[in-house]
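Below, each chain spelled out in residue letters.
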Amino acid sequence: MNTTFPLHTAIEPGILYFGTPVVLISTTNEDGSANLAPMSSAFWLGWRAMLGLGARSKTTQNLRRTRECVLNLPSSALAAAVDRLALTTGSDPVPPGKQQRGYFHVADKFARAGLTAVPSETVAPPRVAECPVAMEAVLEATHPFAADDEAQDGSVVGLEVRVQRVFVHDDIRLPGTEDHVDPDAWRPLIMSFQKLYGLGSQVHESTLASIPERLYRGPDIDRARQVQTR
Ligand SMILES: Cc1cc2nc3c(=O)[nH]c(=O)nc-3n(C[C@H](O)[C@H](O)[C@H](O)COP(=O)(O)O)c2cc1C
């Protein structure tokens, strides 16, 4: 048996954010203006995403009311713009919990970040022009999180959204293909323990990658195709 590996130590970190991509979610405020917020507790299965969001954030309120959003994925080159949105909220007044952590209200987050809003095809919230990926999506379900604990129940929600348009910059498309993203060209921004990182290069051949992407295509793609441009 190999005994050269390091031993584990039990620790209690305050957060378990070991590294996930940053998403800039655009939503529509009550007055029709756009809100934009960074988040990173997100994962995708097929053309659906699960978003872990604080229930009191403006984004959650907007998404629950309008059922529409855009999931904009910034590249690591946009880290400074994302960082300008840190500690800001579209909520006015700022909720007390956020006030304590130093959050402040910003009405125009696009201007604050120095990012450009462009009209979406199927939803009211705009896409972020500078983001190499933008997915227009609609809210399909709201899932409870930590509902087993009275003290936490309702403070965070899992918002399940269904994607109905995927837009990418041409320079991250795999040359010679229609619908493939080149993972060597796509450079996501990663949040790990509240800090911002890029990805390194590929570290190993992937056996999983022997499965053609088309075998994953599910019914949500056909459904998305039926959605008319507004
Ligand atoms: C890089 C980054 C990642 C974040 N990830 C999350 C997250 O996954 N979930 C969440 O609720 N808030 C997250 N936040 C905090 C939100 O951005 C914050 O709650 C913000 O006030 C939301 O804006 P809004 O109130 O205008 O919706 C993150 C912030 C940053 C800067």
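A few points on the structure. Since the structure is predicted, the reported quantities are computational estimates derived from the model, not experimental observations.

**Quick word on the layout of surface pockets**
Point 1. Taken as a whole, the largest pocket spans an internal volume of roughly 2,100 Å³.
Point 2. Taken together, the elements giving at least two residues each to the lining of the largest pocket come down to β4 (42–45), β11 (133–144), β12 (156–168) and α5 (219–226).
Point 3. Looking at the lining of the largest pocket, the element that brings in the most residues is β12, giving six residues.
Point 4. Split by residue class, the lining of the largest pocket holds 25 nonpolar, eight polar and 13 charged.
Point 5. Space inside the second largest pocket adds up to approximately 1,600 Å³.
Point 6. In terms of lining, the second largest pocket is formed by 46 residues, of which the most central are Tyr17, Pro38, Gly54, Arg101 and Tyr103.
Point 7. The residue makeup of the lining of the second largest pocket, split by class, is 24 nonpolar, 16 polar and six charged.

**Notes on the environment of Val23**
Point 1. Summarising the element assignment, Val23 is placed in strand β2 (residues 23–28).
Point 2. For Val23 and Met191, which are 168 residues apart along the polypeptide, the C-alpha to C-alpha distance reads 9.9 Å.

**Some thoughts on the sheet that holds β11**
Point 1. If you trace the seven strands from one edge of the open sheet to the other, you get β3-β2-β6-β11-β12-β5-β4, paired in antiparallel fashion. In the strand order of this sheet, the two ends are held by β3 (34–39) and β4, each with one partner. For this sheet, the mean inter-axis angle between neighbouring strands, taken without regard to orientation, is 30°.
Point 2. Bridge count for β11 against β12 is eleven bridges, and the pairing is antiparallel. Residue Ala137 lies in a different strand from β12, and its bridge partner there is Val163.

**Re the site of the ligand**
Point 1. The immediate surroundings of the ligand are formed by 20 residues, with Pro38, Thr59, Thr89, Gly90 and Lys98 found nearest.
Point 2. In the environment of the ligand, a nitrogen atom lies 3.0 Å from a nitrogen or oxygen atom belonging to the backbone of Gly52.
Point 3. In the environment of the ligand, an oxygen atom lies 2.9 Å from a nitrogen or oxygen atom belonging to the backbone of Gly54.
Point 4. When the free accessible area of the ligand is taken as 630 Å², the share hidden by the protein chains comes to 85%.
Point 5. Among the secondary structure elements, those contributing two or more residues to the shell around the ligand are β3, β5 (48–54), α1 (58–66) and β7 (88–89).
Point 6. Counting residues per element, the shell around the ligand draws most heavily on β3, which supplies four residues.
Point 7. Here the shell around the ligand is built from residues that sort into seven nonpolar, ten polar and three charged.

**Points about the side chain of Ser75**
Point 1. Within the element layout of this structure, Ser75 appears in the loop between β6 (68–73) and α2 (79–83).
Point 2. Residue classification places Ser75 among the buried residues on the basis of a relative accessible area of 12%.
Point 3. Sequence-distant contacts of Ser75, defined by excluding residues within four places in its chain, comprise Pro132, Trp186, Arg187, Pro188 and Leu189.

**So, α5**
Point 1. Regarding α5, the residues found buried are Asp220, Ile221 and Ala224. End-on, the buried residues of α5 take up no more than an arc of 105°, which puts them together on one face. For α5, the exposed residues lying more than 90 degrees away from the buried face are Pro219, Arg225 and Gln226.

Rules behind the numbers
Residues numbered from 1 in each chain as written. Predicted model: local features only at pLDDT ≥ 70, side-chain atom pairs only at ≥ 80, totals over all residues. Heavy atoms only, no water. 1 Å grid on protein atoms, 1.4 Å probe; cavity = no way out; pocket = protein on both sides within 12 Å on 5 of 7 lines; lining within 4 Å. Points joined across faces, edges and corners; volume = space filled by probe spheres on them. Helix = DSSP H or I, 4+ residues; strand = E, 2+ residues; numbered from the N terminus. Nonpolar A, V, L, I, M, F, W, Y, C, P; charged D, E, K, R; others polar. Pairing = 2+ DSSP bridges. Axes fitted to C-alpha atoms, helices over the stretch in contact; angles between N-to-C directions. Near = heavy atom within 4 Å. Polar contact = N/O pair within 3.5 Å; in protein donor to acceptor, adjacent residues only side chain to side chain. Areas by Shrake-Rupley, 256 points an atom, 1.4 Å probe, with all protein chains shown as cover. Buried < 20%, exposed > 50% of the residue type's maximum accessible area, 1.4 Å probe, protein only. Contact = heavy atoms within 4.5 Å. Arc of directions from axis to C-beta.

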